[in-house]
Amino acid sequence: MTQRALIVGGSVGGLFAALLLRSLGWEVEVYERATEDLAGRGAGIGTRPELFNILKRCGAVVDLSMGVEVYSRKFMERDGQVSGEYKVPSTNSAWDRVYQPLKQAFPKERFFAGRAVRRIESAADHASAFFEDGTRVDADLIIGADGVHSTVRAQLFPESAPRYAGYYAWRGVLDESALEGEAHQVLFHHMTFARPEGELILALPMA
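Residues numbered from 1 in each chain as written. Predicted model: local features only at pLDDT ≥ 70, side-chain atom pairs only at ≥ 80, totals over all residues. Heavy atoms only, no water.

1. Some thoughts on the overall build of the protein chain
When you go through the protein chain residue by residue, the secondary structure sums to 5 helices and 13 strands. Principal-axis analysis of the C-alpha atoms places the extent of the protein chain at approximately 60 × 40 × 25 Å. Across the 207 residues that make up the protein chain, the buried fraction comes to 36%. Only carbon and sulfur atoms are counted for the fraction: they give 53% of the accessible area of the protein chain, which is about 12,700 Å². (Helix = DSSP H or I, 4+ residues; strand = E, 2+ residues; numbered from the N terminus. Buried < 20%, exposed > 50% of the residue type's maximum accessible area, 1.4 Å probe, protein only. Areas by Shrake-Rupley, 256 points an atom, 1.4 Å probe, with all protein chains shown as cover.)

In structure tokens form, the structure reads like this:
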């Protein structure tokens, strides 16, 4: 008998879980509360070979354009001087370049956008998800992959809530063509950290 799984959350984590379960023979449906496609969200991410290996295992298309080679980690002071550099070769990608191949590998008819889960329940032989529109879906397994403000986690682990870590982390996206001369040489192909008091700035190239 085929087992059925329901994934709450259709971002990267949810799609990884869904595709890996499908590879094991499970029947899987993904429910995402956002009505619009998630493509275009996120920014640069560091990767490891394991990420690309598991993308391939999921049936996602992986090519060289997904990554930018990185040579080292740098620490930069407020005046722009590099105070430390560690040779750590790696590859950087972008959140979107991971999300889109996963989304394309998952069957469209099994992905339901605009479906927000209100609560879940567990019985002896099944689990149930109750949606904001009043509908209910039963499955053998429910996986909560619905992000930092997870409805599933808030219900099961109410004590586990986001807490302020004591500093601000700045992130943004700048077109490579805006980096000229020395700035490009210093920053591109490196992960560069700056640590003003109460803040963290991280610059990294992304595909």
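2. Structural notes on helix H3 (residues 95–105)
Where H3 is concerned, the buried positions are Trp95, Asp96, Val98, Tyr99, Pro101 and Leu102. Close packing links the buried residues of H3 with helix H1 (12–23), strand S3 (44–46), helix H2 (49–57) and strand S5 (82–94). (Contact = heavy atoms within 4.5 Å.)

3. Describing H1
Between the first and last C-alpha of H1 there are 17 Å, a value that for 12 residues agrees with the 16 Å anticipated at 1.5 Å per step. Within H1, 9 of the 12 residues are buried, which leaves the element mostly enclosed by the surrounding structure. Taken as a whole, H1 has its buried residues at Val12, Gly14, Leu15, Phe16, Ala17, Ala18, Leu19, Leu20 and Leu21. Looking one or two places after H1, you find glycine 25, whose phi comes out positive at around 100°. (Expected span 1.5 Å × (residues − 1).)

4. Quick word on the packing of aromatic side chains
All chains considered together, the criterion is met by 6 aromatic pairs. Centre to centre, the rings of tryptophan 95 and tyrosine 99 are 4.9 Å apart; their planes meet at 10°, and the pair counts as stacked. Residue tryptophan 95 and its partner tyrosine 99 are located together in helix H3, separated by 4 residues, close to a single helical turn. Owing to a relative accessible area of 1%, tyrosine 99 belongs among the buried residues under this scheme. Each member of the aromatic cluster is reached from another via a ring pair, and the members are Tyr31, Phe112 and Phe131. Sitting over the face of the ring of phenylalanine 111, lysine 103 holds its NZ or CZ atom 4.4 Å from the ring centroid. Positioned above the aromatic ring of phenylalanine 130 is the side chain of arginine 119, whose terminal nitrogen or guanidinium carbon lies 3.9 Å from the ring centre. (Phe/Tyr/Trp six-rings, centres within 6.5 Å; stacked < 30°, edge-to-face > 60°. Lys NZ or Arg CZ within 6 Å of the ring centre and 35° of its normal.)

5. Observations concerning unusual backbone geometry
The phi torsion at histidine 189 lies on the positive side, around 65°, for a residue other than glycine. Its location among the elements puts histidine 189 in the loop between helix H5 (181–187) and strand S12 (190–194). Judged by relative accessible area, histidine 189 falls into the partly exposed class, the value being 24%.

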